[in-house]
Amino acid sequence: MALNITFRQLKVFESAGRHLSYTRTAEELHLSQPAVSMQIKQLEESVGLPLFEQIGKKMFLTTAGREVLVYSQSIGHLLEEVEVVLDELKGGSSGTLAISVATTASHFATRLLADFSKRYENVTISLDITNRKSLQRQLADNLPDLVIMGQPPEGVEVESEAFMVNPLVMIAPTNHSLVNETNIPLKHFEDEHFVVRESGSGTRGAIQRSFDELNVSFHTGIEMSSNEAIKQAVEAGLGLGIVSIHTLELELETKRLAILDVNDFPIQRHWHIVQRSGKRLTPVAQAFKRFVLEEAEKFIRLPNLTTEIV
Ligand code: PGA
């Protein structure tokens, strides 16, 4: 004899068998009480035996009821397992995530990834930190799932969305003569030789463009491929620097560097999350993109722009 029973009947019965109450089953499953008793009645008809008995005001499982409860609980667990396996196959809460970020973005990207991976514990994340030029190449080769960078690249078809400000500020050692000045004209720095990032850097490109737009000549001094090195060089008196405020949290807090109050500064930029046009993002990559767009600003504290160290 083939049993003609449904998953829905077993689910309702499992809850009723656990609670020994139709009222609580109805609450748990958001059903009406008649709907619960109807499902159980149909199940009893298919099984051909009563599953509950009422003695006084109390409800008990019959012997058949106890047997069916064990099986309906096992079937319930199996269904849960199927959901997990399918979710994994779809990449929903597990899988891999390849993120590449601009050197400067590494100052906050690790924090973002840490928070994301707390929610998606089964995801294996790889983070590549490199400069803008190399990110452009990676996008052209369709390597990373997603990229976090300043200006979206030219010459590669991408989809990009801005998610957070990225102000560039001029920094000086705290004993610099201009530290207490306000509204310093940019022209004042025409003869300055700035400590700068390497030529493939997005920050460096943005500074050059901004000086060009304002018709002020920009001279580069020592080149360095890391923001950390630039900050140390500026602190040591090797020249002034222009860096993203994201890199300065610690130096401002410990009063090791000062932000100069220069006209037309900060240079206003934004961080973008970028993917190759037409790329089919995995569910994990989609989740990360949503996380960045919706929550990044909550996790990342920008140092106060007006912080000046005297
Ligand atoms: P960078 O990147 O670290 O290469 O300067 C920042 C950016 O993309 O603007």
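Residues numbered from 1 in each chain as written. Predicted model: local features only at pLDDT ≥ 70, side-chain atom pairs only at ≥ 80, totals over all residues. Heavy atoms only, no water.

K.L.:
Quick rundown of the site of the ligand? Include the residues and the values.
P.N.:
Lining the immediate environment of the ligand, one finds 13 residues, of which T104, G150, S201, T203 and R269 sit closest. T104 has a polar side-chain atom sitting 2.7 Å from an oxygen atom of the ligand. Residue R269 places a side-chain N or O atom 2.6 Å away from an oxygen atom belonging to the ligand. If the ligand stood free it would expose 280 Å²; the protein chains cover 100% of that surface. In this structure, the ligand is accommodated by the largest cavity. (Near = heavy atom within 4 Å. Polar contact = N/O pair within 3.5 Å; in protein donor to acceptor, adjacent residues only side chain to side chain. Areas by Shrake-Rupley, 256 points an atom, 1.4 Å probe, with all protein chains shown as cover. 1 Å grid on protein atoms, 1.4 Å probe; cavity = no way out; pocket = protein on both sides within 12 Å on 5 of 7 lines; lining within 4 Å. Sits in = over half its atoms within 2 Å of the grid points.)

K.L.:
Which residues make up helix α2 (residues 22-29), and what are the values?
P.N.:
Residue pairs three or four apart in sequence face the same way in an α-helix, which turns once every 3.6 residues. With a side-chain oxygen positioned 3.3 Å from the backbone nitrogen of T23, the residue opening α2 is S21. In the stretch just after α2, H30 is the one whose phi turns positive, near 55 degrees. (Helix = DSSP H or I, 4+ residues; strand = E, 2+ residues; numbered from the N terminus.)

K.L.:
So what's going on with the packing of aromatic side chains? Which residues, and what values?
P.N.:
Any two aromatic rings considered together are summarised by their centre-to-centre distance and by the angle between their planes. Tallying each qualifying case throughout the model produces 12 aromatic pairs. Ring geometry for F116 against F288: centres 5.1 Å apart, planes inclined by 80 degrees, an arrangement best described as edge-to-face. Placement of F116 in helix α5 (residues 106-119) and of F288 in helix α10 (residues 283-299) is noted, with a sequence separation of 172 residues between them. Like F116, the residue F288 is buried in the burial classification. Put simply, the rings of F116, Y120, F288 and F291 touch in pairs and so form one group of aromatic residues. (Phe/Tyr/Trp six-rings, centres within 6.5 Å; stacked < 30°, edge-to-face > 60°. Buried < 20%, exposed > 50% of the residue type's maximum accessible area, 1.4 Å probe, protein only.)

K.L.:
Go over the environment of Q138, please, and point to the residues and values.
P.N.:
Tracing the backbone through its elements, the reader meets Q138 in helix α6 (residues 132-140). Spatially, the C-alpha atom of Q138 lies 8.5 Å from that of S100, the residues being 38 residues apart in sequence. Among all residues touching Q138, those that are not within four sequence positions of it are S100, D128, T130, L143 and P144. (Contact = heavy atoms within 4.5 Å.)

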